[in-house]
Amino acid sequence: EKETLPGGSLLEESSFATLFPKYREKYLREVWPVVTRALDKAKIGCELNLIEGSMTVMTTRKTSDPYIILKARDLIKLLARSIPVAQALKILNDDANCDIIKIGGLVRNKDRFVKRRQRLIGPDGATLKALELLTNCYILVQGNTVSVMGTHKGIKQARQVVIDCMKNIHPVYSIKRMMIMKELAKDPKLANEDWSRFLPTFGKKNVKRRKPHQVQVEAEKAKAAATAEGEGGAAASKKSKKKTYTPFPPAQPPSKVDMQLDSGEYFLNERARKAKKLEAKREKSQAKSRERREAREREFEAPPPSGGGSSGSSKKSKTTDGSSGDKEGSSKGANDLDVEKLKSKFSKVGKRNASGGGADISDFMAGGSSSGSAKKQRRK
């Protein structure tokens, strides 16, 4: 083995370390003896540091393959990204390669990122399985990364599909394209021909998005209110009127500098410009305060006199109001009187007048009944 190297052994020690998440600690502690035995065969030393949460691989004096340290580096990277140890140890073979695609920074919105990542996996992992079969790679989506193991060609294809998926291009389109290319590769006649005429082209479609339910409800309410007020017909007539076509664009609105040039404010110095702005602001505030004052004074003004018919009715209402007030007062003062008693008294007085007797005011008083009976007794 030492004859494979020119100097017999490596001059310097090379080492690589990588951190692993806390949830991988238990699994790594269980499988670390398997990793150690596999790396001992390649004459590579390894160390698991549970305090720092890191894995380290380094060359030894017995290491004969200078490239095996890079394979060991990929091994600990794959173990840190939740790939099972049986699959990760295949990276030590010469025909195996790996790539860890970072997808965390491709989409800013968290919800959108989760949806697109799930789109890459597909229902029950169907999309990911189809991608693995077409690229002959092992693909694992974990957190903010996608780990790929396979050939250089397959890794390149898988990487392109993953990045396109994060850019809102559905992986089904890429899978369909790859399936057609795989079938075309079987035909030796088409080996030197252009395949673009066989491959589908998927253009972008500006599909009109459905409005949210709340927006639709508000629009319906506004439309109903407009039709109730009679504005719906006017709006429809306005829409029905066709605008006359003019080849010339509309006039450009004046800019702030143009308006300053028209008013002469552009040629004033900064102090005069500020003074002019303050003066305009003061005038505006004065006009507003004047309007508010007039509105407050308007509340205390008497209502304007109305027509003759209305005045007569108001007078009648006043008299009726006064009489009703008097009636209320009299009813409050003479609530003890009885209407039937008064009628009987009036009938007696009328008979007495007819017979020649004089009426006494005490007959009409509340307590006048006792005096009237005493007089009757005297007369008898």
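Here the residue numbering is sequential within each chain, running from 1 through the sequence in written order. Confidence filtering applies because this is a predicted model: local features only for residues at pLDDT of at least 70, side-chain atom pairs given and counted only at 80 or more, and all residues used for totals across whole chains, interfaces and linings. Calculation of side-chain values draws on the structure's entire complement of heavy atoms; hydrogens and water are dropped beforehand.

## Concerning the sheet that holds strand 1 (residues 15-19)
Link 1 in the chain: Note on pairing: two strands pair once DSSP finds at least 2 bridges between them. We count a stretch as a helix when DSSP gives it H or I for four or more residues in a row; a strand needs E for two or more, and each element gets its number in order from the N terminus. Sheet architecture is open: three strands sit in the order 1-3-2, paired in antiparallel fashion. Every other strand in the sheet has two partners, leaving strand 1 and strand 2 (44-49) as the edge strands with one partner each. Between one strand axis and the next, the sheet turns through 15 degrees on average, direction left out of account.
Link 2 in the chain: Sheet analysis places strand 1 next to strand 3 (residues 54-59), joined by five bridges and oriented antiparallel. Bridge pairing in strand 3 places phenylalanine 16 opposite valine 57.
Link 3 in the chain: Two residues form a contact once any of their heavy atoms are found within 4.5 Å. Interaxial angles span 0 to 180 degrees and are taken between N-to-C directions of axes, which are lines fitted to C-alpha atoms, for helices over the stretch in contact. Against the sheet, helix 1 (residues 25-41) touches strand 2 and strand 3, its axis set at about 165 degrees to strand 2.
Link 4 in the chain: The sheet strands contacting helix 2 (residues 68-80) are strand 1, strand 2 and strand 3, and the helix crosses strand 3 at an angle near 170 degrees.

## Quick word on the pairing of strand 5 (residues 138-142)
Link 1 in the chain: Two strands pair when backbone bridges link them, and strand 5 and strand 6 (residues 145-150) are joined in this way by five bridges, in the antiparallel orientation. Bridging from a neighbouring strand, glutamine 142 pairs with threonine 145 of strand 6.
Link 2 in the chain: Count of turn residues in the strand 5/strand 6 antiparallel hairpin: two residues, of which glycine 143 carries a positive phi of about 65 degrees.

## Section: the packing of helix 5 (residues 126-135) against helix 6 (residues 152-166)
Link 1 in the chain: In the contact formed by helix 5 and helix 6, the axes pass within 9 Å of each other and the chain directions differ by 150 degrees. One finds that helix 5 runs roughly antiparallel with respect to helix 6. Like other packed secondary-structure pairs, helix 5 and helix 6 cross with a definite hand, here right-handed. Where helix 5 approaches helix 6, its residues Leu131, Leu134 and Thr135 are matched on the opposing element by Gly154, Gln157, Ala158 and Val161.
Link 2 in the chain: Each residue is assigned to one class: nonpolar for Ala, Val, Leu, Ile, Met, Phe, Trp, Tyr, Cys and Pro, charged for Asp, Glu, Lys and Arg, and polar for all the others, Gly among them. Its residues assigned to classes, the contact of helix 5 with helix 6 shows four nonpolar, three polar and no charged. Oblique is the label for any angle not covered by the other classes, which are roughly parallel (under 35 degrees), roughly antiparallel (over 145) and roughly perpendicular (65 to 115). Handedness of a crossing is defined here by the sense of rotation of the near helix relative to the far one, left-handed for an anticlockwise turn of less than a right angle and right-handed for a clockwise turn.

## Re helix 7 (residues 171-185)
Link 1 in the chain: The span one expects for a helix is its residue count, reduced by one, times 1.5 Å. Between its terminal C-alpha atoms helix 7 stretches 21 Å, which fits the 21 Å expected from 15 residues at 1.5 Å a residue.
Link 2 in the chain: A simple rule labels every residue: compare its accessible area, found with a 1.4 Å probe on the protein chains alone, to the largest value its type can have, and call it buried under 20%, exposed over 50%, or partly exposed in between. Buried residues of helix 7: Pro171, Ser174, Ile175, Met178 and Leu184, and no others.
Link 3 in the chain: Buried residues belonging to helix 7 abut helix 4 (110-121), helix 5 and helix 6.

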